[in-house]
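Below are the chains, spelled out letter by letter.
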Amino acid sequence: MSAASVVTRRPVPPAIRRRRVLMTVANHSVAIALSIMFLVPFAFIVSTALMTNQQMGSLSIWPSPFKWSNFTDLFEFFPFWRFAWNSLLYAGLGTVGVVLSGIPVAYALSRLRWRGRQLSFVLLLSTLMLPVQVTIVPLYIVFVRLGWIGSLKPLIIPLFFGDAFTIFLLRQFFMTIPQELSDAARVDGANDLQILLRVIVPLAKPAIAAVALFNFLYCWNDFFSPLLYAGNNPDTWTLAISLQQLTQLSRGILANLQMAASILFTLPVLVIFFFAQKVFVEGVTLTGVKG
Amino acid sequence: MATVTVRPPAAPEKARATERRRRRRRSAWRRQLVALAFMSPWIVGFCAFYLYPILSSLYFSFTRYDILTDPVWVGLDNYKFMFTSDGRFWTAVGNTAWVVAVIVPLQVLVGIGTATVLTRVRRGLGFYRTVFFLPTMVPLVAAALGFVFLLNPGGPVNAVLGFLHLPEPLWFRDPVWAKPGLALMATWMVGQTMIIFLAALLDVPTQLYEAADIEGAGPLQRFRHVTLPMISPVIFFAVVIGVINGFRYFTEAYVVSKAGDWDNPVGTPQDSLLFYTSHLYNQGFEGFHMGYAAALSWVMFVVIMVCTLLLIRSSRRWVHYQGGFR
């Protein structure tokens, strides 16, 4: 509270003040109750991941000896790192592709005047609405003919040819950069490529970071496409697939190990989230309100 | 271009004018080429990954095709089979409609509810927002496995229900309770919707509330006549996205169905979790009925397009955009 606001504030009658305090207490109670409901699943999953096999049979909730070795036991029958490497390849290379191909397209759609721009943008928006399932049958057939099934190629290579969501978000951001900056650079003799690389990209770093993050997580979590293209070849399973197939890898695996594996899979995402929370919240808002 | 040089020599200004026009035309042409060069990744991608697949899947939908042998033209047989004799198709449509009709309103309601709570707490807003958003960060596969464990008949949720002397459903083992179990999970993952509603609620100008107060509106009227119209574009957005997501609903159901036993068919228990995409996956990529799967994907394409258009048209009646345009 600054001095000025204290000076201008009139004394609040006790009845109203009491009501305000009550309201605050009520609001926080509701918020805390909701928070507990949102957090309880996490608590159960973590506590289960630390239980011994015997304890799994009992109805107790708190692990009585904390069995941290569940996390290391996991690696004995679950080649975690190999799957993690595949996930990293898909998410990492995919993100590079999406960003590299998305930037010039977003530039042409936002900062160049040319014939067919409106049409291209409408087509782009309509592909934004289409789930992958609509195009999956012919694409699968093409990838079979190319001999790409059972590899990561069908997952990564299409991402080097533009992703509608990325292009859309980048375009929205590029639109907000003042035109005078490009004009000034043009007067100095810069061509469009130079303007894009020296003016637009440095200014759009936050937006580029946001789309890169979104895409990385999308690929990391993606299940449908890896299941289709890599389903039968364990060498190309991503973590998402391998986690689901744990039940097949070792029949009768107990829930504690399964939960431990889920935590290992989720942890990188949560770490990224905590470091880049602002990017997420702002990015989601951007898609909702301006979209 | 050549015609210009053949023309008789004109007055100097006129020559300069044509020269200028030609230069302008050339620069416009150059600009067009530059733009197309920048667009080229997407143009290739659009043709290869949208235009070609959508058209060729229309062709495949009129054939019987198992990849190994050449496609055989069967006319409208796939569509006829789909609508008249494929019982599982209608089951999948029904389940998908259930998801859209229950989960979408649930997410909108819970999203507005949690966002409203957030607008009313001043201290700790960041903390609560993180907590409510956190579940959406959990990868779907992990979340689904987590809920399979939480909702297993002897699991923690039923332990709590038993403690409260409430009925303990079998959740994912019971065809009646399997979809409500998934709805519970979708509610837990409401964070994205909530964040969008939160931004919209915070955008409502306070003067409007003050004006409503002066006119003697109660909290309910205030919500109905101020908040609701102001956030209606976001509700519209959430509904459109929700409908499209209903069609691609797959991962949760697949993981849940296969969690009990690896050999469980997609849609376990008793096809109660057989959704549109599950059926498409089953037909195309487990049975290799590519022609039929293409027909399913074309129906999906048409329905999504029609739904989106209908939603956009109906929105004119109930979505209020700031600026008074209705």
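Residues numbered from 1 in each chain as written. Chains lettered and ligands numbered in written order. Predicted model: local features only at pLDDT ≥ 70, side-chain atom pairs only at ≥ 80, totals over all residues. Heavy atoms only, no water.

With respect to the overall build of chain B
Inclusion rule: Under the DSSP-based scheme used, a helix requires at least four consecutive residues in state H or I and a strand at least two consecutive residues in state E, with every element numbered from the N terminus. What the globule rule says is 2.2 Å times the number of residues to the power 0.38, and the radius of gyration is computed from C-alpha atoms. For each residue, the accessible area found with a 1.4 Å probe, counting protein chains only, is set against the maximum for its type, and the residue is called buried under 20%, exposed over 50%, and partly exposed in between. Any two residues whose heavy atoms approach within 4.5 Å at even a single point are treated as in contact. To be clear on the numbers: accessible area is Shrake-Rupley with a 1.4 Å probe, and residue cover counts the displayed protein chains and nothing else. When charges are counted, Lys and Arg contribute as positive and Asp and Glu as negative, whereas His and the chain ends are disregarded. Note on charges: their place is set at NZ of Lys, CZ of Arg, CG of Asp or CD of Glu.
The helix and strand inventory of chain B stands at 14 helices and two strands. Rg of the C-alpha trace for chain B: 28 Å, well past the compact-globule value of 20 Å for 326 residues, more than 25% over. In terms of overall dimensions, chain B has a C-alpha envelope of 100 × 75 × 35 Å along the principal axes. The buried share among the 326 residues of chain B stands at 48%. In chain B, the proportion of contacts linking residues at least 24 apart, taken out of those at least 6 apart, comes to 65%. Summing over all exposed atoms, chain B offers an accessible surface of approximately 16,900 Å²; the carbon and sulfur share of this is 64%. One finds the centroid of the 29 positive side-chain charges in chain B at a distance of 21 Å from the centroid of its 17 negative side-chain charges.

Here we look at the overall build of chain A
A tally of helices and strands in chain A yields 16 helices and zero strands. A burial count over chain A gives 52% of its 291 residues as buried. Across chain A, every contact between residues at least 6 apart in sequence was considered, and the portion connecting residues at least 24 apart equals 69%. Carbon and sulfur atoms make up 68% of the accessible area of chain A, which amounts to about 14,500 Å² in all.

Brief notes about the interface of chain A and chain B
Filter applied, for reference: Buried area adds together the accessible area that both of two parts lose upon being put together, with accessible area traced by a 1.4 Å probe. Salt bridge, as used here: a side-chain nitrogen of Lys or Arg that lies within 4 Å of a carboxyl oxygen of Asp or Glu. Nonpolar residues are Ala, Val, Leu, Ile, Met, Phe, Trp, Tyr, Cys and Pro. Charged residues are Asp, Glu, Lys and Arg, and all others, Gly as well, are polar.
Listed by partner, the interface residues are 87 residues for chain A and 81 residues for chain B. When chain A packs against chain B, the two sides together hide about 7,700 Å² of surface, and 80% of this comes from carbon and sulfur. The largest per-residue losses of area from chain A upon contact with chain B belong to Phe38(A), Met129(A) and Phe161(A), which jointly make up 9% of the total buried on that side. In this assembly, chain A and chain B are joined by zero salt bridges. When residues in the side of chain A that touches chain B are grouped by element, the largest group, 16 residues, is from helix α2 (residues 14–49) of chain A. Among the residues making up the side of chain A that touches chain B, the classes are represented as 60 nonpolar, 22 polar and five charged.

Topic: a positive patch on the surface
Residues and elements named next belong to chain B. Our working rule: Note that patches include only residues with greater than 30% relative accessible area and no salt bridge, and the join distances are 9 Å for like charges and 5 Å for nonpolar side chains (Val, Leu, Ile, Met, Phe, Trp, Tyr).
A cluster of basic residues, Lys14, Arg16, Arg20, Arg21, Arg24 and Arg25, forms a positive patch on the protein surface. Following the sequence through the fold, Arg24 ends up in helix α2 (residues 12–60). What makes Arg24 exposed here is its relative accessible area of 54%.

Brief notes about the packing of helix α11 (residues 192–203) of chain A against helix α12 (residues 205–221) of chain A
Residues and elements named next belong to chain A. Where we set the bar: Interaxial angles span 0 to 180 degrees and are taken between N-to-C directions of axes, which are lines fitted to C-alpha atoms, for helices over the stretch in contact. For this classification, under 35 degrees means roughly parallel, over 145 means roughly antiparallel, 65 to 115 means roughly perpendicular, and everything else is oblique.
Viewed as axis vectors pointing N to C, α11 and α12 meet at an angle of 70°, and their least axial separation amounts to 4 Å. As summarised for this structure, α11 and α12 are arranged roughly perpendicular, according to the angle between their axes. Residues Val201, Pro202 and Leu203 of α11 touch α12, and the partners they reach there are Lys205, Pro206 and Ile208. Here the contact of α11 with α12 is built from residues that sort into five nonpolar, no polar and one charged.

Section: the confidence of the model for chain B
Residue and element names in this part refer to chain B. The cut-off we apply is this: The quantity called pLDDT is the predictor's confidence in a given residue, expressed from 0 to 100.
Residue-level pLDDT values for chain B average 84, and 93% of them are 70 or greater. Low pLDDT, under 50, characterises residues 1–5; the predicted model gives this stretch three contacts beyond four residues in sequence or across chains. Scoring the predicted complex yields pTM 0.84 and, for the interface, ipTM 0.82.

Comments concerning the environment of Pro175(B)
Tracing the sequence through the fold places Pro175(B) in the loop between α7 (156–163) and α8 (178–188). Between the C-alpha atoms of Pro175(B) and Leu273(B), which are 98 residues apart in sequence, the distance is 7.9 Å.

As for the nonpolar core
Rules: For this analysis, a nonpolar core means a set of buried residues of the types Ala, Val, Leu, Ile, Met, Phe, Trp, Tyr and Cys, connected via side-chain atoms within 4.5 Å.
Counting residues in hydrophobic clusters, the biggest one holds 184 residues, and the most contacted among them are Phe174(A), Phe223(A), Phe280(A), Phe197(B), Tyr281(B) and Phe285(B). No other element matches helix α5 (residues 80–111) of chain A, which puts 13 residues into this core. Among residues more than four places away in sequence, those in contact with Tyr281(B) are Phe224(A), Leu227(A), Leu228(A), Phe250(B), Tyr254(B), Val266(B) and Glu286(B).

Some points on a nonpolar patch on the surface
Taken together, Leu93(A), Val96(A), Leu100(A) and Phe160(A) make up a surface patch of nonpolar side chains, about 340 Å² in accessible area. Looking at the secondary structure, you find Leu93(A) in helix α5.

Looking at the side chain of Thr135(A)
One can find Thr135(A) in the loop between α6 (117–128) and α7 (136–146). The buried category is assigned to Thr135(A), whose relative accessible area is 5%. Excluding anything up to four places from it in sequence, Thr135(A) contacts Phe49(B), Tyr50(B), Pro53(B) and Ile54(B).

Focus: the confidence of the model for chain A
All names here are of chain A. Taken residue by residue, chain A gives an average pLDDT of 83. The fraction at 70 or more is 89%. Looking over chain A, one finds the lowest element-wise mean pLDDT in helix α1 (residues 3–8), namely 51, and the highest in α5, namely 93. Across residues 1–5, confidence stays below pLDDT 50; counting only partners more than four residues off in sequence or on other chains, it has two contacts.

Re the packing of aromatic side chains
What counts here: Stacked, edge-to-face and tilted are the three classes for Phe, Tyr and Trp ring pairs, Trp counted by its six-membered ring, which pair at centre distances within 6.5 Å; planes under 30 degrees apart are stacked, over 60 edge-to-face, the rest tilted.
Tallied over the entire structure, the rule returns 43 aromatic pairs over all chains. Relative to Phe80(A), the ring of Phe75(A) lies with its centre 5.5 Å away and its plane at 75°, an arrangement referred to as edge-to-face. Phe75(A) sits in the partly exposed class, given a relative accessible area of 32%. Ring geometry for Phe83(B) and Phe89(B): centres 5.6 Å apart, planes at 90°, overall edge-to-face. Taking the relative accessible area as the measure of exposure, Phe83(B) reaches 40% and is therefore partly exposed. With relative accessibility at 2%, the residue Phe89(B) sits in the buried group.

Observations concerning unusual backbone geometry
Backbone phi values are negative for most residues with the exception of glycine, while trans is the configuration of most peptide bonds. Residue and element names in this part refer to chain B. Despite not being glycine, Gln270 shows a phi value in the positive range, around 45°. With respect to the helices and strands, the residue Gln270 is situated in the loop between α12 (251–260) and α13 (276–286). Judged by relative accessible area, Gln270 falls into the exposed class, the value being 69%.

Observations concerning the pattern of salt bridges
All names here are of chain A. In the structure shown here, the tally under the stated rule is five salt bridges over all chains. Measuring nitrogen to oxygen at the nearest pair gives 3.3 Å for the salt bridge that ties Asp192 to Arg186. Residue classification places Asp192 among the buried residues on the basis of a relative accessible area of 9%. The class for Arg186 is partly exposed, based on a relative accessible area of 37%.

Side note on the packing of helix α15 (residues 255–275) of chain A against helix α6 (residues 140–150) of chain B
What counts here: Crossing handedness: left-handed means the near helix sits turned counterclockwise from the far one by under a right angle, and right-handed means the same turn made clockwise.
Closest axis-to-axis distance for the α15(A)/α6(B) pair is 10 Å, and the angle between their directions is 155°. With respect to α6(B), the element α15(A) is oriented roughly antiparallel. The chirality of how α15(A) crosses α6(B) is left-handed. Contact with α15(A), carried on its side by Ala255(A), Gln258(A), Met259(A), Ser262(A), Phe265(A) and Thr266(A), involves Ala142(B), Leu145(B), Gly146(B) and Phe149(B) of α6(B) and no other residues of that element. Classifying every residue of the contact of α15(A) with α6(B) gives six nonpolar, four polar and no charged.

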